Amino acid sequence: MIARRTILSLVAASFAAFAFAAPASAQFAKPEDAVKYRQSAFVVMGSHMGRLGAMAQGKAPFDAEAARHSAQVIETMARLPWEGFTPATESLDSHAKPELFRNMDDVKRLIEGLNAETAKLPAAVGSLETLRTQVGATGQACKACHDKYRRKI
Ligand code: HEC
């Protein structure tokens with residue numbers, strides 16, 4: 001029979017391992033992986049914004065179910081890229097301006113602004129009119145950050 005103490009120390013060890021993995025900076029083996037991670041999240045988010053934008057502009061037929069799917073993907077993806085902006089990535093080649101890493105409070109504010117808009121997207125897919133309004137507001141939140149902190153792509 002395994003002693004109770006052994007079980008407790010196993011549990012403690014697994015928690016310790018978890019705590020070790022928790023800091024964002026420790027989640028990527030190399031800084032290059034962090035850049036790839038954040039860019040991948042942006043690409044997926046951008047693809048679904050493109051689909052909603054096409055509907056909003058009448059370039060694609062309005063489809064509430066497809067819009068709901070894209071809205072949910074965007075809401076989730078909009079929480080992901082940020083942990084990839086680790087200090088170790090500042091010197092790497094990417095589309096991020098170096099100013100981003102020196103203005104993290106401002107960046108945080110812009111992220112919160114984005115997340116406030118993306119949270120409203122899934123509820124806005126019921127009609128083309130509400131979708132158009134919320135896609136516009138979300139697009140403004142993307143642009144507010146790109147204008148300041150993203151290089152021309
Ligand atoms: C808080 C700032 C910020 C917000 C908000 C933001 N982005 Fe970005 N975005 C960036 C930065 C910085 C990059 C460059 C990332 C890199 O190259 O590592 C980027 C890159 C991208 C890219 C190109 C990916 C690449 O390979 O560089 C796409 C597409 C994109 N963003 C879409 C969006 C969309 C769509 C939204 C809104 C739904 C959005 N972003 C909101 C900062 C932001």
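The coordinates are above.
Predicted model, so just to flag it, every value in this text is computed and none were measured.

Focus: the nonpolar core
Ranked by internal contacts, the top residues of the largest apolar core, which has 28 residues, are Leu52, Leu131 and Val135. Contributions of two or more residues to this core are made by α2 (31–56), α3 (64–77), α4 (99–102), α5 (104–118) and α6 (128–149). Take this core: its biggest share by element is 6 residues, from α2. Setting aside anything within four residues of it in sequence, one finds Val135 in contact with Met49, Leu52, Gly53, Ala56 and Leu121.

Some details on the pattern of salt bridges
Within this structure, the stated rule accounts for 9 salt bridges. Residue Arg68 is joined to Glu65 by a salt bridge in which the shortest nitrogen-to-oxygen separation is 3.3 Å. Within this pair, Arg68 and its partner Glu65 are both found in helix α3, separated by 3 residues, close to a single helical turn. Classification of Arg68 by relative accessible area gives partly exposed; the value is 32%. The exposure class of Glu65 is exposed, given its relative accessible area of 53%. For Arg79, the salt bridge is made with Glu75, and the minimal N-O distance between the two is 3.7 Å. Each member of the salt-bridge network shares a partner with another, and the members are Asp106, Arg109 and Lys148.

Criteria and thresholds
- Residues numbered from 1 in each chain as written.
- Predicted model: local features only at pLDDT ≥ 70, side-chain atom pairs only at ≥ 80, totals over all residues.
- Heavy atoms only, no water.
- Core = buried A, V, L, I, M, F, W, Y, C linked by side-chain atoms within 4.5 Å.
- Buried < 20%, exposed > 50% of the residue type's maximum accessible area, 1.4 Å probe, protein only.
- Helix = DSSP H or I, 4+ residues; strand = E, 2+ residues; numbered from the N terminus.
- Contact = heavy atoms within 4.5 Å.
- Salt bridge = Lys/Arg side-chain N within 4 Å of Asp/Glu carboxyl O.

Functional significance is not addressed by these values, which are geometric in nature.
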